[in-house]
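Residue-level listing of the chains:
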Amino acid sequence: MARLDRKSRVRDVYAHPLGRDIIDKLLLHTGISPRWILNPVAGNLRLGRLDQVGRRAIGPGFVDTLISLLNDHPDEPARSESAGTSAGEPAWWKEAVFYQVYPRSFQDSDGDGLGDLRGIISRLDYLQDLGVDCVWLSPIFDSPNEDMGYDIRDYRRVMAEMGTSEDLDELIEGCHERGMRIILDLVVNHTSAEHEWFRSAVDDPDGPYGDYYFLRRGEPGEDGTGAPPNNWVSFFSGSAWRWIPDAERWALHLFGPGQMDLNWANPTVRGEVAEVVQFWLARGIDGFRLDVINYISKRPGLPNGNEFIGRLMEFTGIEHYYVGPQLHAYLRELRRRGFTRGADAVAPSSSVRLRLPDGTLGDPLPPDPVGVMVGETPGVGIEIGRLLSGADRGELDMVFNFDVLEPPGKVRWDDYRYDLNYLKDFSEGYLDRIGSNDWIALFLENHDNPRMISKVLGPDDHDPGLRTAVARVLATIQLTLRGTPFLYQGQELAAINQDFTSIGDLRDLESLNRYAELRSNGATVGGAFDEILPGARDHARVPMRWEPVDGGGFTDGTPWLHGVEDSTGFTVAEQRADPESVFNWYRDLIRLRRQHEAFTYGSIEFVAPGARDYFAWFRTSPAGDRWLIEVNLADAPVQRRNGSLRVEVKLGTTTRRGVTMAPYEVMISRVFG
Ligand code: TEU
């Protein structure tokens, strides 16, 4: 990419991958139409002129910050044939359905009210029956649990509450024996403040461990909240800096005050992380989900964040780390030194058995030459996502693009009803923009976000018929578009948000900190609670409901977090017993996916892309096996297209393919001729 300067035009910014993503993100956040940017007047505006005419709106420094950000990213994604045709090189993670387990809330085996590894082991047959191919565990390493395991104290030790190292070995072998791989959650943007590295840094801030973190001299001020080194804001409220009296230093924490950012510019830190990955690959782990991995490269000098960007993105300073200048270099090194099994690597204790299209199991496969790298990349758009995960890049294999979760002008905390037509527009736009060099992760839920059914239906989510119908719509979209589906525990049960009634019901520090901040800014108890409830991460973290009994059969003790749902028909036992259940819909879809290559490597061609409520696409395998997937996104009839096609309905809410589709009707058909 040509370097930009103040003479460059707005259209040059939009032609730049990072520039395109930033402008798309700004439009998404503000809800302004992309047409604004595409008109020639705006497109021709020189950046220096924009700085003058826009000074009142964008304030000083925005244009210069933008120019330096973009010039730090000269690469552009490889152009390759349309993703509509080729799927690029085969890979197990392109065929797999992933299932995220939140271990604290999956199954408790010892009655302490906390989910654990032996609990997961006891439910492996359930996961195998559902048909998933790879289990992803949210963090299980030793942690003080300030952020429920996303604050790691020892990367090589299993958290005592979760079980023992031997339990983990048994869990790994249990997955492999059932034809499932297993990946863990690698949280290496930061460590817990109780990690020995950080404790050593505090003891000797000028020693070797001092440079593992971002420690800066300064004055604490009389109440310890003196002048932090810059104006960056934490994702969990307040400044991103904490004064460490014993070290007489400020320490950077983008997240909780006990989550201390690692200095990835230090090659020793990068080496430490690579060794942690190698350690777990040797134990049989098949790869990692990498937590906020796009934050690891910070702009040298840690400059102040631009006020305009901070107001827009809510987190001042984010432009200096969300896609930092050395990010690609660090990821390439991590893939090479950490995730690639060297010729002399220790053979893992077990490896996954081959699972055939009909679901039967073959012999153990040789270990994958490279562990899978799934990047959690908050704020990253389509173009940077391609630079982070393109097949030619040697960095990540897939990234999570979070723009799918909130439509234009909305953020997670807003109480609104998600229009499924946005999911259609987002999915078509994403898949039309990428090439065969790219591959996307398809997700709708995780442990950080409210349940999608509740976002779509609002208070109607308690209606069992609507809840089931929308669950089927979401499952069908996620499991038949082109890409790798990541299911989050409970999705297969049509899980919905919880009817929490007060802040005392919640446990997540993000929710609690945000509530405290709102209250300190004058919000009432009820007002502050109402403001955090829609986006609280606690909704998705309540225990799985296995049985139709109090507590759902999750624990014999007192659960660490109480689910307040008591609806009938949506526990595992009830769902598995009902052939028409959401669970069996997921199970049938996953089986269909496995049996027909069209749903993995097949091309994708959208039907009537501009139509509202009618969301449909063809999937065609390289051998010409052709399928049509049709979904009615609305609670009202919609006109079907391609009515005259000769098809055989294989899976659907009805087997009769009429001229119109019933409300929330779903149909998957094999196409003939
Ligand atoms: O989440 C990062 C992330 O994108 C969300 O936490 C989001 O930034 C935050 O909720 C503010 O809106 C990852 C983990 O998934 C999350 O559970 C951890 O709390 C976080 O990183 C820090 O490790």
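So, here is what we can say about the structure in this document. Keep in mind the model is a prediction, meaning the values are calculated, not measured. (Residues numbered from 1 in each chain as written. Predicted model: local features only at pLDDT ≥ 70, side-chain atom pairs only at ≥ 80, totals over all residues. Heavy atoms only, no water.)

## Observations regarding the overall build of the protein
Along its length, the protein carries 23 helices and 24 strands. Taking the principal axes of its C-alpha atoms as reference, the protein extends roughly 70 × 65 × 60 Å. Put simply, the protein has 673 residues, and 61% of those count as buried. Contacts in the protein between residues at least 24 apart in sequence constitute 71% of all its contacts with a sequence separation of at least 6. As displayed, the protein offers around 25200 Å² of accessible surface, 51% of which is attributable to carbon and sulfur atoms. (Helix = DSSP H or I, 4+ residues; strand = E, 2+ residues; numbered from the N terminus. Buried < 20%, exposed > 50% of the residue type's maximum accessible area, 1.4 Å probe, protein only. Contact = heavy atoms within 4.5 Å. Areas by Shrake-Rupley, 256 points an atom, 1.4 Å probe, with all protein chains shown as cover.)

## Concerning helix H15 (residues 327-339)
Owing to its 3.6 residues per turn, the α-helix brings residues three or four apart onto one side. If you check which residues of H15 are buried, you get Leu327, His328, Tyr330, Leu331, Glu333, Leu334, Arg335, Gly338 and Phe339. At its buried positions, H15 is contacted by helix H13 (267-282), strand S11 (287-290), strand S14 (372-376) and helix H16 (382-389).

## Re the site of the ligand
Around the ligand sit 17 residues, and of these Asp147, Asp291, Arg412, Asp448 and Glu510 come closest. His190 places a side-chain nitrogen or oxygen 3.1 Å from an oxygen atom of the ligand. In the model, an oxygen atom of the ligand is placed 2.9 Å from a nitrogen or oxygen of the His447 side chain. Of the residues contributing to the shell around the ligand, the split by class is five nonpolar, three polar and nine charged. (Near = heavy atom within 4 Å. Polar contact = N/O pair within 3.5 Å; in protein donor to acceptor, adjacent residues only side chain to side chain. Nonpolar A, V, L, I, M, F, W, Y, C, P; charged D, E, K, R; others polar.)

## Overview of the nonpolar core
Ranked by size, the top nonpolar core spans 189 residues in total, and within it Tyr99, Leu127, Leu137, Leu171 and Phe288 carry the most contacts. Looking at this core, the element that brings in the most residues is helix H19 (residues 464-480), giving nine residues. Ranked by size, the runner-up nonpolar core spans 18 residues in total, among them Leu506, Ile532, Leu533 and Leu561. (Core = buried A, V, L, I, M, F, W, Y, C linked by side-chain atoms within 4.5 Å.)

## Thoughts on the sheet that holds strand S9 (residues 249-252)
As summarised here, the arrangement of the three strands in space is S7-S9-S8, forming an open sheet in which the pairing is antiparallel. The open sheet has two edge strands with one neighbour each: strand S7 (215-216) and strand S8 (241-244). Summarising the sheet, S7 and S9 pair through two bridges and their orientation is antiparallel. Paired with Arg216 across the strands is Trp250, a residue of S9. (Pairing = 2+ DSSP bridges.)

## Focus on the packing of aromatic side chains
A full pass over the atoms with the stated rule returns 38 aromatic pairs. Ring centres 4.4 Å apart and planes at 55° place the aromatic pair Phe235 and Phe315 in the tilted group. Taken as a pair, Phe235 in the loop between S7 and S8 and Phe315 in the loop between helix H14 (307-313) and H15 lie far apart in primary sequence, 80 residues in all. For the pair Phe235 and Phe315, one class covers both residues: buried. Considering the side-chain rings of Tyr422 and Phe426, the 6.2 Å spacing of their centres and the 45° angle between planes classify their relative orientation as tilted. Of the two residues, Tyr422 and Phe426 both sit in helix H17 (residues 420-433), four residues apart, roughly one turn of that helix. Its relative accessible area of 13% is what places Tyr422 among the buried residues. By way of ring pairs, the aromatic residues Trp92, Phe98, Trp136, Phe400, Phe402, Phe443 and Phe486 are connected into one cluster. The ring of Trp92 carries Arg181 above its face, with NZ or CZ at 4.1 Å from the centroid. (Phe/Tyr/Trp six-rings, centres within 6.5 Å; stacked < 30°, edge-to-face > 60°. Lys NZ or Arg CZ within 6 Å of the ring centre and 35° of its normal.)

## With respect to helix H20 (residues 509-520)
An ideal rise of 1.5 Å per residue puts 16 Å on 12 residues; H20 measures up with 16 Å between its terminal C-alpha atoms. Listed as buried for H20 are Leu509, Glu510, Ser511, Arg514, Tyr515 and Leu518. Residues of H20 that are buried in the fold lie against helix H21 (525-532). Positive phi shows up at Gly522, right after H20, with a value of about 105°. (Expected span 1.5 Å × (residues − 1).)

## Re unusual backbone geometry
Within the chain, Val292 stands out as a residue other than glycine whose phi angle is a positive 35°. Relative to the helices and strands, Val292 is located in the loop between S11 and H14. Classification of Val292 by relative accessible area gives buried; the value is 4%. Phi angles above zero are rare outside glycine, and Leu302 is one such case at about 45°. Positionally, Leu302 belongs in the loop between S11 and H14.

## With respect to the packing of H13 against H15
At a minimum axis separation of 8 Å, H13 and H15 run at an interaxial angle of 40°. Comparing their axes, H15 and H13 come out oblique. For H13 against H15, the interelement crossing comes out right-handed. Each of Pro267, Arg270, Gly271, Val273, Ala274, Val277, Gln278 and Leu281 in H13 lies in contact with H15, whose residues at this interface are Tyr330, Glu333, Leu334, Arg337, Gly338 and Phe339. (Axes fitted to C-alpha atoms, helices over the stretch in contact; angles between N-to-C directions. Parallel < 35°, antiparallel > 145°, perpendicular 65-115°, else oblique. Left-handed = near helix turned anticlockwise from the far one by under 90°.)

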